[in-house]
Amino acid sequence: QVQLVESGGGLVQPGGSLRLSCAASGSIFSIATMGWYRQAPGKQRELVATITSGFRTNYQDSLKGRFTISRDNAQNTLYLQLNSLKPEDTAVYYCVAQDPLSGEYDYWGQGTQVTVSS
């Protein structure tokens, strides 16, 4: 079983930075691909970034260079560093985990709100 709890969201001015954290249960964290989704008001949910158990990363092209995904397997924690934030980055950010047996993203956190506004 996997439980995911996000934190680190909040209100930030354009150009500012935030670091999101996701605390995960330890059952499959070290062998599971992890990722971040986000959903902005009135828009579809979109995949932001993923990181495999071998620390390979993948980013949405429009976000690469501003966002960085990382993981600390010893602490069972996933991170997303958000830099040079823009108002269009405003969204609820969700931590997700891929079930290594099914290959599907079956585990989701409750989300953390990021608001970018002056």
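Now for a description of the structure that goes with this document. Quick caveat: nothing in here was measured; it's all calculated off a predicted structure.

What to know about the state of the cysteines
Here the structure, examined in full by the defined rule, presents 1 disulfide. What pairs with Cys22 in a disulfide is Cys95, and their sulfur atoms sit 2.1 Å apart. Linking Cys22 and Cys95, the disulfide has an S-S dihedral of approximately -75° and is accordingly described as left-handed. One end of the pair, Cys22, is in strand E3 (residues 18-24); the other, Cys95, is in strand E9 (residues 91-97), and 73 residues separate them in sequence. Judged by relative accessible area, Cys95 falls into the buried class, the value being 0%.

So, the packing of aromatic side chains
This structure, assessed with the given rule, holds 3 aromatic pairs. With 6.5 Å between their ring centres and 75° between their planes, Tyr37 and Tyr105 make a pair best called edge-to-face. In this pair, Tyr37 sits in strand E4 (residues 34-39) while Tyr105 sits in the loop between E9 and strand E10 (107-108), placing the two residues 68 residues apart along the sequence. Using a relative accessible area of 18% as the deciding quantity, one classes Tyr37 as buried. Of the residues examined, Tyr105 reaches a relative accessible area of 25% and is grouped as partly exposed. A ring pair is formed by Tyr37 and Trp108, whose centres lie 5.0 Å apart and whose planes are at 40°; its orientation type is tilted. Placement of the pair is Tyr37 in strand E4 and Trp108 in strand E10, with a sequence separation of 71 residues. An aromatic cluster is present here, built from Tyr37, Tyr94, Tyr105 and Trp108 joined pairwise through their rings.

Considering the nonpolar core
The biggest cluster of nonpolar side chains holds 30 residues, and the ones touching the most others in it are Met34, Trp36, Leu78, Leu80 and Tyr93. Breaking this core down by element, the ones donating at least two residues are E3, E4, strand E5 (46-51), strand E7 (67-72), strand E8 (77-82), E9 and strand E11 (112-116). Look past the residues within four positions of Leu80 in its chain and what remains in contact with it is Leu18, Arg19, Leu20, Trp36, Val48, Phe67, Thr68, Ile69 and Tyr93.

A closer look at the pairing of E3
Burial within E3 is extensive, with 5 of its 7 residues counted as buried. Bridge count between strand E1 (residues 4-7) and E3: 4 bridges; the pairing is antiparallel. Counterpart to Glu6 in the pairing with E3 is Cys22. Bridge analysis of E3 against E8 gives 6 bridges, and the strand direction is antiparallel. Looking at E8, one finds that Leu20 is bridged to Leu80.

Definitions and limits used
- Residues numbered from 1 in each chain as written.
- Predicted model: local features only at pLDDT ≥ 70, side-chain atom pairs only at ≥ 80, totals over all residues.
- Heavy atoms only, no water.
- Disulfide = S-S within 2.5 Å.
- Helix = DSSP H or I, 4+ residues; strand = E, 2+ residues; numbered from the N terminus.
- Buried < 20%, exposed > 50% of the residue type's maximum accessible area, 1.4 Å probe, protein only.
- Phe/Tyr/Trp six-rings, centres within 6.5 Å; stacked < 30°, edge-to-face > 60°.
- Core = buried A, V, L, I, M, F, W, Y, C linked by side-chain atoms within 4.5 Å.
- Contact = heavy atoms within 4.5 Å.
- Pairing = 2+ DSSP bridges.

Coordinates in, geometry out; function isn't part of it.
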